[in-house]
Amino acid sequence: MTTQAFPIESINACPICQHPEARFVAHYPEPHLEIGVTLNQCLGCSVVYQNPRLSLAGIHMLEDQSDVYDYDAEQQAQAVDDRDEIIAWLETMTNLKPRSILDVGCNRGYLLAAAARRGWRPSGVELSLVSAAAARERFGFPIYPNLEALPEGQLYDLITCWHVVEHLHQPVQMLQQLYDLLTPDGVLAIQVPAYSFADEYLRRGHSLHIFCASHPVHYTAETLTMVLEKAGFEVLYSDESTEYLFLTIYAAKPSRNAQSRHNAELQAQLEQTSQKLAWFEADHAEIAKQLQSMNHYIRRLEATLEVKNQYLEHLEQRLNAVNNGRAMRMLNKLKRS
Ligand SMILES: [Zn+2]
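What you see is a predicted model, and the numbers here were worked out from it, not measured in a lab.

Reading guide: rules and limits
Residues numbered from 1 in each chain as written. Predicted model: local features only at pLDDT ≥ 70, side-chain atom pairs only at ≥ 80, totals over all residues. Heavy atoms only, no water. 1 Å grid on protein atoms, 1.4 Å probe; cavity = no way out; pocket = protein on both sides within 12 Å on 5 of 7 lines; lining within 4 Å. Points joined across faces, edges and corners; volume = space filled by probe spheres on them. Helix = DSSP H or I, 4+ residues; strand = E, 2+ residues; numbered from the N terminus. Nonpolar A, V, L, I, M, F, W, Y, C, P; charged D, E, K, R; others polar. Pairing = 2+ DSSP bridges. Contact = heavy atoms within 4.5 Å. Axes fitted to C-alpha atoms, helices over the stretch in contact; angles between N-to-C directions. Buried < 20%, exposed > 50% of the residue type's maximum accessible area, 1.4 Å probe, protein only. Core = buried A, V, L, I, M, F, W, Y, C linked by side-chain atoms within 4.5 Å.

Novice: So, the layout of surface pockets: which residues are in play, and what are the values?
Specialist: Considering only enclosed or pocket space, the second largest pocket measures out at about 190 Å³ in volume. Contributing elements (two or more residues each) for the lining of the second largest pocket: α2 (73–94), β12 (234–240) and α9 (254–336). Considering each element in turn, the lining of the second largest pocket owes the most residues, three residues, to α9. Across the lining of the second largest pocket, the residue classes tally to four nonpolar, four polar and one charged.

Novice: Explain the sheet that holds strand β7 (residues 121–125) to me, and be specific about the residues and the numbers.
Specialist: On the basis of which strands lie adjacent, the open sheet formed by seven strands has the order β8-β7-β6-β9-β10-β13-β12 and mixed pairing. Single-partner strands in this sheet number two, and they are β8 (143–144) and β12. Taken together, the five bridges between strand β6 (residues 100–104) and β7 define a ladder with parallel strand orientation. Of the residues in β7, the one forming a bridge with I101 is P122. Each of β6, β9 (156–162), β10 (182–193), β12 and β13 (246–252) touches α2; the most contacted strand, β13, lies at about 45° to it. Of the strands in this sheet, β10, β12 and β13 touch helix α8 (residues 221–230), which is tilted by about 30° from β13.

Novice: Tell me about the environment of Q154, and name the residues and values.
Specialist: Counting through the fold element by element, Q154 comes out in the loop between β8 and β9. Exposure remark for Q154: the relative accessible area of 33% places this residue in the partly exposed category. The sequence separation of Q154 and E281 amounts to 127 residues, and the corresponding C-alpha distance is 53 Å.

Novice: Provide a residue-level description of the nonpolar core, including the pertinent values.
Specialist: Grouped together as the largest cluster of nonpolar side chains are 53 residues, with contacts concentrated most on L175, L178, Y219 and L224. Ranked by size, the runner-up nonpolar core spans 24 residues in total, among them A79, C106, A113 and A114.

Fair warning: the whole summary comes from geometry, so function is off the table for now.
In structure tokens, the structure reads:
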């Protein structure tokens with residue numbers, strides 16, 4: 001493998017925002033590239049990109065030589081098992097039910113195989129003829145050579161893009177294409193090496209996992225969010241894993257987010273109302289308790305009053321008796337006189 005086999009090019013503007021100015025960030029040796037990898041940061045949008053870089057043809061040549069997914073049967077089965085978790089997590093995080101999935105850069109089809117096992121209808125896009133043929137042969141899924149070759153008018157509920165976006169010279173354009181391929185309530189899920197962990201990649205001796213010749217642009221959660229927004233998306237979720245050093249982002253059309261925000265508002269209102277109801281019920285219970293104790297007091301008063309009335313009646317009877325006696329005596333007196 002000689003350096004001359006990989007054509008390089010220089011660019012005079014940021015691949016994301018076209019700003020012409022950038023500052024030098026770092027230089028790393030790269031076994032496939034005699035000149036190494038030189039990183040610059042755009043002064044317009046802060047994205048970090050390679051310049052000079054492999055031309056598109058150079059990237060394809062390099063990737064065709066990659067044997068990173070050349071697994072034996074046991075490793076293949078393990079690769080599918082490993083990706084089951086990714087799909088399960090996506091289902092949980094996005095509330096998506098298994099429908100249609102498009103894996104862009106599907107490689108040997110392991111993620112699609114994991115999705116199919118969970119009930120998804122799989123389709124893949126793979127530029128590498130070798131990988132696409134391997135995926136078709138192994139799993140029999142429809143695998144297309146590029147986005148333009150997908151069936152006309154077909155939309156997808158879940159589009160996955162695993163370790164693909166960092167290989168693109170023009171990510172915004174491709175993400176705009178994915179936007180048009182997504183159903184209104186669909187989700188786009190992306191994973192890339194997280195540039196925020198550049199130092200940690202170096203510390204672990206994994207410099208080539210991130211600073212390889214075929215990664216023209218590097219992303220943090222912030223810059224990938226910006227790139228997705230340029231393509232029309234709104235980000236639902238992003239995570240930078242300190243364990244794997246990957247950045248994972250889920251995005252959707254703003255309409256889906258508006259719907260889920262509306263649902264969240266309704267949910268919040270419902271919770272507020274339930275809370276008020278609980279307070280009201282607590283108040284109600286307190287009032288009932290007070291009422292009960294007042295009733296009890298009134299009954300005691302009534303009982304006391306009853307006793308007093310009886311006594312009063314008794315007094316009245318005695319008074320009557322006394323009065324009657326006196327009247328009788330007076331009458332007798334009158335009779336005698
Ligand atoms: Zn820029």
